[in-house]
Amino acid sequence: MPKRKTDSNEQVDELIKREFESLTRSERHFADLLLSNYPVSGIGSITQIAQKANVSPPTIVRLVKKLGFSGFPEFQSALRVELEAKMAGPISKHDSWVQHAPDSHILNRFADVVTDNIRQTLGQIETDSFDASSALLANAKKPLYVVGGRITRALADYLFLHMQVIRSDVTHIQSISNSWPHYLLDMNEKSVLVIFDIRRYEKSLLTLASAAHKKGATIILFTDQWRSPIEKFAHHMFCAKIVAPSAWDSTIGIQLIVETFVAAVQELNWDKKRGRIEELEELFDKTQLFEKFH
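Everything in this summary refers to the structure shown in the same document. (Residues numbered from 1 in each chain as written. Predicted model: local features only at pLDDT ≥ 70, side-chain atom pairs only at ≥ 80, totals over all residues. Heavy atoms only, no water.)

**As for the pattern of salt bridges**
- Under the definition given, this model contains nine salt bridges.
- Its salt-bridge partner being glutamate 21, residue arginine 28 comes within 3.7 Å of it at the nearest N-O pair.
- Residue classification places glutamate 21 among the exposed positions, given a relative accessible area of 65%.
- Ionic pairing is found between glutamate 278 and arginine 274, a salt bridge with its closest N-O pair at 3.2 Å. Of this pair, glutamate 278 and arginine 274 are both found in helix H13 (residues 270-287), four residues apart, which corresponds to roughly one turn of the helix.
- For glutamate 278, a relative accessible area of 41% translates into the label partly exposed. (Salt bridge = Lys/Arg side-chain N within 4 Å of Asp/Glu carboxyl O. Buried < 20%, exposed > 50% of the residue type's maximum accessible area, 1.4 Å probe, protein only. Helix = DSSP H or I, 4+ residues; strand = E, 2+ residues; numbered from the N terminus.)

Next up, the structure:
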């Protein structure tokens, strides 16, 4: 097996999932443990981790070498880098970029990074999952709920606005968590819940996802390359690269996926949706919401 390049952008869990079918039974025990609470499950002494996975330390060493690492220390170092990135705040993100910033103008630096983010994001999307999610979003017989966090609620608002135009029975869940039991009250196995959650992952959103999962709702998650803990409840998940030369993450990759979903959903049963949109336009005319040029 080819060695993993030290400058590879591929995360450890992605390596494990790619190689999972080639692993031995004992190696899969360790892989399952790591993926169950990634990447925290891989932090600790090799003896402690081997005991938790009910395997021997040599089994772990064999696995990490299969993944292309020189040994367990390099493997754990990669996990720590990911964990630090996953929990990074604005100041640490800013300082990290400043240390390696090229001399070009910020417009060029930002555009280069975001363009690469988009390319990597699109390359990871599974078309079957995208199509299945589009069908769920388009099905007006399935009540649709949309919620975002402190930063991502703008994305949630954008999706909600367009879904409300395209179909009926769409609810934008308020960002105030103490109101969430009211929304959960009506959720059931027919409901679809779209959640936006990127790093520093909000505990309240995880609580909401857990409760909605227990109610039988289908969860569609929009997150980043490190994956929100909500992943364990999600039926469909779309991960976007979000790192940017800034103290703040870039959500352009997620916005691209959302806008593509809007385009895909409107095309499903367009004839029915067209009548709804025409009625809305008539209401706009009656309320004189938009300027008319004659």
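**Focus: unusual backbone geometry**
- The backbone of asparagine 54 shows a phi angle near 60°, a positive value even though the residue is not glycine.
- Relative to the helices and strands, asparagine 54 resides in the loop between helix H3 (46-53) and helix H4 (57-66).
- The exposure class assigned to asparagine 54 is exposed, which follows from its relative accessible area of 67%.
- Positive phi, normally seen in glycine, also occurs at asparagine 269, with a value near 55°.
- Within the secondary structure, asparagine 269 sits in the loop between helix H12 (252-267) and H13.

**Focus on the sheet that holds strand E1 (residues 144-147)**
- One open sheet holds the five strands; their spatial order is E2-E1-E3-E4-E5, and the pairing between them is parallel. This sheet does not close on itself; its edge strands, each paired only once, are strand E2 (170-172) and strand E5 (236-240). The average undirected angle you get between the axes of adjacent strands in this sheet is 15°. (Pairing = 2+ DSSP bridges. Axes fitted to C-alpha atoms, helices over the stretch in contact; angles between N-to-C directions.)

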